[in-house]
Amino acid sequence: MEFDMGSMLGDIGVGGIVGFISGYALKKFIKIVLALIGAYVISLFWLQQKGVISINRDALFNLTQSAAGQALGLGDKVLGILPGGGAFVAAFYLGFTKG
């Protein structure tokens, strides 16, 4: 059995690049979701101030807290299903922190 270093380095490189891009994209996605939740809540308070709607604040804060928690928990869920390749996981972490 022969050890092919070139093939192994290629796999590590591809895993690292895909991991970094995946982590970066996930972090950006989470930021967009949290920004949309914030814009939604602000628009609701603006409509309440104008007298268009009335808001049950406790229910709204529970809903937004739940949605934000799910968006932030998405990173943990993705890490649980990632392939076990060390380069992919390390690069995913780097991409997530840079995103």
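Computed from a predicted model, the values in this text were never measured in an experiment.

A word on the overall build of the protein. A count of helical and extended segments in the protein gives 3 helices and 0 strands. In the protein, the succession of helices and strands from N to C terminus is α-α-α. The 99 residues of the protein split such that 22% are buried. In the protein, the share of contacts with a sequence separation of at least 24, taken over all contacts with a separation of at least 6, comes to 73%. Summing over all exposed atoms, the protein offers an accessible surface of approximately 7,000 Å²; the carbon and sulfur share of this is 68%.

Structurally, Thr64 is set in helix H2 (residues 57-81). Here Thr64 falls in the buried class, since its relative accessible area comes to 15%. Side-chain polar atoms of Thr64 contact the backbone oxygen of Phe61, separated by 3.1 Å. Beyond its immediate stretch of four places on either side in the chain, Thr64 contacts Ile37 and Val41.

Now for the environment of Ala35. Following the sequence through the fold, Ala35 ends up in helix H1 (residues 5-49). Distance in space between the C-alpha atoms of Ala35 and Ala68 is 9.9 Å, their sequence separation being 33 residues.

Here we take up a nonpolar patch on the surface. A contiguous nonpolar patch, built from Ile17, Phe20, Ile21, Tyr24, Tyr93 and Leu94 and spanning about 630 Å² of accessible area, is present on the exposed surface. Counting only elements with at least two residues in the nonpolar patch, the list comes to H1 and helix H3 (86-98). Of all the elements, H1 adds the most residues to the nonpolar patch, at 4 residues. Summarising the element assignment, Ile17 is placed in helix H1.

How each quantity is defined
Residues numbered from 1 in each chain as written. Predicted model: local features only at pLDDT ≥ 70, side-chain atom pairs only at ≥ 80, totals over all residues. Heavy atoms only, no water. Helix = DSSP H or I, 4+ residues; strand = E, 2+ residues; numbered from the N terminus. Buried < 20%, exposed > 50% of the residue type's maximum accessible area, 1.4 Å probe, protein only. Contact = heavy atoms within 4.5 Å. Areas by Shrake-Rupley, 256 points an atom, 1.4 Å probe, with all protein chains shown as cover. Polar contact = N/O pair within 3.5 Å; in protein donor to acceptor, adjacent residues only side chain to side chain. Patch = residues over 30% accessible without salt bridge, like charges linked within 9 Å, V, L, I, M, F, W, Y side chains within 5 Å. Salt bridge = Lys/Arg side-chain N within 4 Å of Asp/Glu carboxyl O.

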